[in-house]
Amino acid sequence: MADTTPNATPSVAYQNWAARQGRARRKVIVGRLLLLLGFLALWEYAPRNGMVNPMLTSYPSAVWDGFWDLIAQGKLGLHIGVTLMEVMISFAIAMILGTVIAICLWLSPMLERVLDPFLVVLNALPKIALVPIFYIWLGPTGSIYAVAIAVALFITILMLYTGFNQSDPNKIKLAKTLGAGQVQILTKVILPGNVHTFMATLKANVGLSLVGVIVGEFQASKAGLGYLIVYGSQIFRMDMVMAAIVILSLISVGIYLVVQKAEALLTR
Amino acid sequence: MTGDTTGRPLAVPPKIEFRNVELHYFSTKGETHAVSDMNFTVNKGEFISIVGQSGCGKSTLLSLLCGLMQTTSGQVLIDGKPVKGPSPQVGFMLQHDSLFEWRTILENALLGPEIRGMDMPAARARAERILTNYGLGQFLHHRPTQLSGGMRQRAALGRTMCMEPDILLLDEPFSALDFQTRMSISEEIGEIIRREGKTAILVTHDIPEAIAMADRVIVLSPRPGRLKNIHEITFPSLGEVRPGCMAVRDAEEFKDYFHTIWTEMESDG
Ligand SMILES: Nc1ncnc2c1ncn2[C@@H]1O[C@H](COP(=O)(O)OP(=O)(O)OP(=O)(O)O)[C@@H](O)[C@H]1O
Ligand SMILES: [Mg+2]
C-alpha cells in the first residue's frame, strides 16, 4: 500500500522548504491587502481632489455613509432578503428541474436526440433578451424568477448530461455483467460517479441565478438589490448604487463559501 | 477432467457450449464480421485460455457467454440452456478492475449482491470472508485509490466471487499490472480458481500465461475469429499432479507449446 503519511521527524531541508512556503504564503496575503487598500485609497483620493467627478464615481467614505443611510431607513435588510430569497428559490428550481431533465435525457437516448438541437439553441440564446417577454407574460415578480431560472436551467441540463455521458464505460459494462438494468446503472454508477459534475454545476449556477435575479429586478421590482441599483442611479445617488454593489459582492463571497463547504461535505 | 469434447455420454450437457456461433456488429460505419463458425465446449472445472491477434473477437466471445449481447446466429449454451442475459452464475473480470472509487473495498465487493437484491447480511459476511482470504482483510474499509495494482485486481476478483459464480470469464485481467505483479497475481488467482473448482475462460495476449494457467488453449484466427486449433496442455515430465503456474514454466513441454502456438498465431488464415 502506498504510504503517504509524512515522516515523523522532518529533516532540516524540509523545515527550510516549509519556512519558504510559509513566507511565500504571507507575501501573497500582504500583496492582496495592499492591492485592495491601494484601490480604496485611490478611489477616495482622486474624486475628493477633483481628478475625477465624484458625482460619477462616488468614493469609499461616501459609500460607507450611504450604507448607513440605507440601514437607518430600515430597508436594507428587506432589499437583501428579497434578493437572496429570489436567488435561492430560482437556484433550487433550476437545479432540481435541470437534474430531472438531464436524467430523463440519459434514460431515453431517443428523447435526447430529438431535443439536442433545441437545447443547444436555448442554451446559446441570451436569456436576458427574454426579460421583456417574461415581464408581459408573468408580471414583475414572476418575470424575475423566470429569468433567473432560464439563465441557470439550460446550462445545468447540458453540464449534467455531458457528465453523465462521459461516465466510465468500463464501470457501466461491469455493472451490466453484474445484472444491472438501466435504472440501477443510473443509481449505482452514473449519479455517484458525477458528484464532481454536480458540484461544478452548482458553482456555476449560484452565480448565474444571481445574475438572472438582478437583471430581472432591473426590469421591474419594488425591492431587492437590483431595484436599489436602478433607483439609486435614477436619483443620481452613486453612493447608494456603489453600496448595493459592494453588498452584492459580499453576497457572492458568502455563497462561494457556502458552496465550498457543501463540496467538502459531499466529496469527502 | 480434460479434453475429450466428443463421444461423451450425452446425459450431462457440457458446462459451456458454442454451437455454430456467428456474430456481426452493426454500426453506422458498416458491418463487422467478428466471430464465425464457432464451435467448442468446455467441461465443468476446466480452465481454458483463448489467444489470438488483436481484434479477432476474443472479448466478443466472452460478452456472448456473459449475455451482454446475443449471437447473430447459432447458440451459446450454459448447462445446456441458451444464455439469455447476465446471470449471477457467470462472473466477468474485465481488463480494468473498474473499482468504484467512491466505495470502500467491501462496498465494491457488495455491488453485485446489491444489484441482484440478495440477502445483504449474508453477502456482507461472505464478502468479508472472501476478501480476507485474498489478503485484503486489513483494507476492507479502504478506498480503491489506497491500494496497489495487484491488490486492486484481487479486490476485483473478490467482487466477482461474492456472487458465487461457477463460471469465471477473465478478459486480460492482468494486463494493467507490471511484470512482477502480473506473474504472482496470475499464479495466485489461478490457484484460487482451481481450488474452488470453478470453470474458467481466460483471454490473454500473453502466450506463456495462457499455457501456464490452462488445461486447454484455444487459438483463434484473425478476424472474423474462427477456431484455428485447440491445444491440450499436459506436462507428463512433471508427474501425475500438475504443479503451480510458476513451476510449469520451466517444463520442457512448455517451450514446445509456446513455439507451436506462437507460429500458429503468426500465420494468417
Ligand atoms: N461495439 C462494436 N461495434 C462494432 N464493432 C465492434 C464492436 N466491438 C468490437 N468490434 C469489432 O469486432 C472485432 C472483434 O472485437 P473484440 O473486442 O472481440 O476483439 P478482441 O479479440 O477482444 O481484441 P483485443 O485483443 O484487441 O482485445 C474487432 O475488429 C472490433 O473492431
Ligand atoms: Mg478484447
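Residues numbered from 1 in each chain as written. Chains lettered and ligands numbered in written order. Predicted model: local features only at pLDDT ≥ 70, side-chain atom pairs only at ≥ 80, totals over all residues. Heavy atoms only, no water.

Per an unreviewed UniProt entry, chain B carries the name Taurine ABC superfamily ATP binding cassette transporter, ABC protein and comes from Celeribacter baekdonensis B30. In its Sequence similarities (unreviewed entry) section, the UniProt entry covering chain B states "Belongs to the ABC transporter superfamily." (UniProt positions renumbered as here; feature names shortened; annotations may be inferred.)

Per an unreviewed UniProt entry, chain A goes by the name Putative ABC transport protein, inner membrane component and belongs to Celeribacter baekdonensis B30. Turning to chain A, the UniProt annotation filed under Subcellular location (unreviewed entry) states: "Cell membrane". Within the UniProt record for chain A, the comment given under Sequence similarities (unreviewed entry) is "Belongs to the binding-protein-dependent transport system permease family."

Another aspect to go through is the overall build of chain B. Across its full length, chain B holds nine helices and ten strands. The globule rule puts the C-alpha radius of gyration for 269 residues at 18 Å, and the 19 Å found for chain B is close to it. Its C-alpha atoms give chain B principal-axis dimensions of about 50 × 45 × 45 Å. Sequence separation of 24 or more characterises 69% of the internal contacts of chain B that already satisfy a separation of 6 or more. When the accessible surface of chain B is totalled, it reaches about 11,900 Å², and 52% of it is carbon and sulfur. (Helix = DSSP H or I, 4+ residues; strand = E, 2+ residues; numbered from the N terminus. Rg over C-alpha atoms; globule rule 2.2 N^0.38 Å. Contact = heavy atoms within 4.5 Å. Areas by Shrake-Rupley, 256 points an atom, 1.4 Å probe, with all protein chains shown as cover.)

This next bit is on the UniProt feature "domain: ABC transmembrane type-1" (unreviewed entry) in chain A. Feature annotation in UniProt places "domain: ABC transmembrane type-1" (unreviewed entry) on residues 80-259 of chain A, given in this structure's numbering. End C-alpha atoms of residues 80-259 of chain A are separated by 19 Å, and the span's content is 86% helix alongside 0% strand.

Turning our eyes to something else, we now look at the domain arrangement of chain B. All names here are of chain B. According to the domain assignment, chain B contains domain 1 (36-89 + 165-268) and domain 2 (99-164). If you average the C-alpha positions of domain 1 and of domain 2, the two centres end up 25 Å apart. The interface is formed by 17 residues belonging to domain 1 together with twelve residues belonging to domain 2. Taken together, the two surfaces of domain 1 and domain 2 that pack against each other cover about 1,200 Å², and 72% of this comes from carbon and sulfur. (Domains from an automatic or database assignment. Buried area = accessible area lost by both parts, 1.4 Å probe.)

With that out of the way, let us pick up helix α11 (residues 238-266) of chain A. Residue and element names in this part refer to chain A. In a regular helix each residue adds 1.5 Å, so 29 residues correspond to 42 Å; α11 covers 42 Å between its end C-alpha atoms and thus fits that length. Buried residues of α11: Met238, Asp239, Met240, Val241, Ala243, Ala244, Ile247, Leu248, Ile251, Ile255 and Val259, and no others. Check the buried side of α11 and you find it contacts α2 (54-57), α3 (60-72), α4 (76-107), α9 (195-219) and α10 (225-234). (Expected span 1.5 Å × (residues − 1). Buried < 20%, exposed > 50% of the residue type's maximum accessible area, 1.4 Å probe, protein only.)

What follows covers the packing of aromatic side chains. Residues and elements named next belong to chain A. The full count for this structure, using the stated rule, is nine aromatic pairs over all chains. Centre to centre, the rings of Trp64 and Phe67 are 5.8 Å apart; their planes meet at 25 degrees, and the pair counts as stacked. Of the two residues, Trp64 and Phe67 are both situated in helix α3; the distance of three residues between them amounts to about one turn of the helix. What links up through ring pairs into an aromatic cluster is the set Trp64, Phe67 and Trp68. (Phe/Tyr/Trp six-rings, centres within 6.5 Å; stacked < 30°, edge-to-face > 60°.)

Counting 56 residues, the largest nonpolar core has Phe18, Leu169 and Ile201 of chain B as its most contacted members. When residues of this core are assigned to their parent elements, the largest contribution, eight residues, is made by helix α6 (residues 131-165) of chain A. There are two domains that each give this core at least three residues, and those are domain 1 (36-89 + 165-268) and domain 2 (99-164) of chain B. Contact partners of Ile201 of chain B, with chain neighbours within four places excluded, come to Ile16, Val42, Ile48, Ile50, Leu62, Leu65, Leu168, Leu169 and Leu170 of chain B. Ala156, Leu157, Ile185 and Val219 of chain B belong to the second largest nonpolar core, which has 35 residues in total. (Core = buried A, V, L, I, M, F, W, Y, C linked by side-chain atoms within 4.5 Å.)

Turning next to the pattern of salt bridges. Residues and elements named next belong to chain B. All told, the structure shown has 19 salt bridges over all chains when counted by the stated rule. For Glu114, the salt bridge is made with Arg103, and the minimal N-O distance between the two is 2.9 Å. Separated by eleven residues along the polypeptide, Glu114 in helix α3 (residues 111-116) and Arg103 in the loop between β6 (90-93) and α2 (105-109) bring together distant segments of the chain. For the salt bridge of Glu209 with Arg182, the shortest nitrogen-to-oxygen distance reads 2.9 Å. Residue Glu209 is found in helix α7 (residues 207-213), and its partner Arg182 is found in helix α6 (residues 179-195); the two are separated by 27 residues along the sequence. Residue class for Glu209 comes out buried when judged on its relative accessible area of 1%. (Salt bridge = Lys/Arg side-chain N within 4 Å of Asp/Glu carboxyl O.)

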